[in-house]
Each structure stands twice: as structure tokens, then as C-alpha cells.
Amino acid sequence: FVMHGPGGTDYAEWITWTEIVPPERIALRHGESRDDPNVFESTLTFAPHGTATRIEMRTVFPTTQLRDQAVENYHAIEGGEQTLSNLAAYVAEIAQKKQGR
């Protein structure tokens, strides 16, 4: 897929899902291509939290340098927060539609 950066730059991306365990966990590998030596791994865990769900996203990079580059150059923390916020909005929309039946 292509990720569109805020400045108009397009980034070729590749993801493969390595584990999906409903309703508790999703794991994936993410890089620029299937053979990217700098691929990183992310795991999202879902746990009940009162009437809500707690989502934790953990990402592991092959090196500290690649992690720092993702944080500094690509704003990975902010991007992760945006992704989780978009997911929360999507889930809330689905729940609202189900209540409105």
C-alpha cells in the first residue's frame, strides 16, 4: 500500500499479519517491501477495561537507530496515536449504528 505523508510525500509500505487472535491480539510485520531488511514488528493487544477496551500497541525495531529514525523523521509515535484514535472512532461509529437499529 502507499502511505501519504502530510507534506505530500508518498511512501511505499508492506504489511503481513503474523497473528490474529480474536479478541485479544493482532501482530504484524511492517516494512517498505517483503524483503526489507529493516522490517519492524508490532503487536496490538486488547483487554477489557470497565465498559471500554484498553488497546496497547508495542513496536519493536531491529535497531535503536531505526527506532529513533522512525520517531524523529516519520513521527511514528504521533502516527500510532492517530491510528488508534481512528480505530476508536470507527469502533464507536459501529457501536452507535448497532444501537440505532
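Scroll up to find the structure this text is about.
As the structure is a computational prediction, the values presented were derived from the model and not from experiment.

(A) Seen up close, the pairing of strand β5 (residues 40–49). Two strands pair when backbone bridges link them, and strand β4 (residues 25–31) and β5 are joined in this way by six bridges, in the antiparallel orientation. For His 30, the partnering residue across the bridge sits in β5 and is Phe 40. Here β5 pairs with strand β6 (residues 52–60) via nine bridges, running antiparallel. Within β6, the residue paired with Ser 42 across the bridge is Thr 59. Turn length for the β5-β6 hairpin, with the two strands adjacent in sequence and antiparallel, is two residues, and the turn residue Gly 50 shows positive phi of about 65 degrees.

(B) Structural view of the sheet that holds β6. In space, the four strands of this open sheet follow the order β3-β4-β5-β6, with antiparallel pairing throughout. Each having just a single partner strand, β3 (14–21) and β6 make up the two edges of the open sheet. Across the sheet, the mean angle from the axis of one strand to that of its neighbour is 20 degrees, orientation sign disregarded. Judged from the seven bridges that link them, β3 and β4 form a sheet pairing that is antiparallel.

What counts and what doesn't
- Residues numbered from 1 in each chain as written.
- Predicted model: local features only at pLDDT ≥ 70, side-chain atom pairs only at ≥ 80, totals over all residues.
- Heavy atoms only, no water.
- Pairing = 2+ DSSP bridges.
- Helix = DSSP H or I, 4+ residues; strand = E, 2+ residues; numbered from the N terminus.
- Axes fitted to C-alpha atoms, helices over the stretch in contact; angles between N-to-C directions.

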